[in-house]
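What follows is each chain in one-letter form.
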Amino acid sequence: MEVLTELCDIVNKELIPSSNGVDKQNSCFHVFLCDILSDLRERLIYLMDVYMKDQILNYVPSRGDLAYPEQLETMQSINPSPDSASVSVFQPGPNMSLAHADLHGFWYPTLRRTIICLSKLHRCLESDSFNSLAPYCVNNCIHSLVKAKQLIEQEKTPWDANLFFIKNLIILKEQISPFTVDLVTKETSIDASKLKCECFT
């Protein structure tokens, strides 16, 4: 995914603007680059879907991932001041990297991976495509948090599990706010039961 993201950046921000000339030769090259960018975006979306299933939905947490509230106690011992405990927000853009995400090592892994994935998609996809995929990524992340909450509840107490879940939901909400995406999905259903009864009467 990292390679595809870099290729999308190069084609979209460097090659395509420089090829947008008026002569016929540059025009053909511009169309060729647009086709390449479209293909890269399709591959990125496919890879994102595979990544979401393998690394988010089917993620198997370690004992350290579920060590709650021990993680809070460790964070408190490292950063005892209230200001240092505040959550910083990832800024989507070309500087987003795994090294930046490592600074947030106490986040649940699927949450951290989802934010990184959204940042990469935000850089490479058009707004309509990103807005349609972002709810899918966020829903998968929430589903993984629910599974982790249930596992913590089996080992600890419901209070610890709920605290873990609420904490990560708050972080998720703060991290996706820069994307300004509408996460409300509308579903339309048709009740054909009356029509079926009329057809058979």
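Residues numbered from 1 in each chain as written. Predicted model: local features only at pLDDT ≥ 70, side-chain atom pairs only at ≥ 80, totals over all residues. Heavy atoms only, no water.

## Quick notes on the overall build of the protein chain
Link 1 in the chain: The helix and strand tally for the protein chain stands at 8 helices and 0 strands.
Link 2 in the chain: Along the chain direction, N to C, the helices and strands of the protein chain fall in the order α-α-α-α-α-α-α-α.
Link 3 in the chain: Considering the protein chain as a whole, with its 201 residues, one finds that 34% of them fall into the buried category.
Link 4 in the chain: Residue pairs in contact within the protein chain that sit at least 24 positions apart in sequence constitute 72% of those at least 6 positions apart.
Link 5 in the chain: Total accessible area on the protein chain stands at roughly 12,600 Å², and carbon and sulfur atoms take up 57% of it. (Helix = DSSP H or I, 4+ residues; strand = E, 2+ residues; numbered from the N terminus. Buried < 20%, exposed > 50% of the residue type's maximum accessible area, 1.4 Å probe, protein only. Contact = heavy atoms within 4.5 Å. Areas by Shrake-Rupley, 256 points an atom, 1.4 Å probe, with all protein chains shown as cover.)

## Points about helix H7 (residues 158-176)
Link 1 in the chain: With 19 residues, H7 should cover 27 Å at 1.5 Å per step; its first-to-last C-alpha distance of 27 Å lies within 8% of that length.
Link 2 in the chain: Looking only at H7, the buried set comprises Asp160, Ala161, Phe164, Phe165, Lys167, Asn168, Ile171, Leu172, Gln175 and Ile176. Angular distribution of buried residues about the axis of H7 spans 165°; they occupy a single face of the element. Seen from the open side of H7, the exposed residues pointing more than 90 degrees away from its buried face are Trp159 and Lys173. (Expected span 1.5 Å × (residues − 1). Arc of directions from axis to C-beta.)

## Overview of the confidence of the model for the protein chain
Link 1 in the chain: Confidence in the prediction for the protein chain averages 77 pLDDT; 70% of positions are at 70 or higher.
Link 2 in the chain: Across the protein chain, the element-wise mean pLDDT spans from 40 in helix H4 (residues 98-101) up to 92 in helix H6 (residues 127-155).
Link 3 in the chain: Counted against residues more than four places away or in other chains, residues 82-103, with its pLDDT under 50, gives 34 contacts. (pLDDT = per-residue confidence, 0-100.)

## Some details on a nonpolar patch on the surface
Link 1 in the chain: Taken together, the side chains of Val3, Leu7, Ile10 and Leu15 define a hydrophobic patch exposed on the protein surface, amounting to about 320 Å² of accessible area.
Link 2 in the chain: Residue position: Ile10 is located in helix H1 (residues 2-19).
Link 3 in the chain: Note on Ile10: relative accessible area 36%, which makes it partly exposed. (Patch = residues over 30% accessible without salt bridge, like charges linked within 9 Å, V, L, I, M, F, W, Y side chains within 5 Å. Salt bridge = Lys/Arg side-chain N within 4 Å of Asp/Glu carboxyl O.)

## Thoughts on the environment of Arg113
Link 1 in the chain: Note on placement: Arg113 falls in helix H5 (residues 109-124).
Link 2 in the chain: Take Arg113: its relative accessible area is 23%, and that puts it in the partly exposed class.
Link 3 in the chain: Taking the C-alpha atoms as reference points, Arg113 and Tyr51, separated by 62 residues in sequence, lie 9.4 Å from one another.

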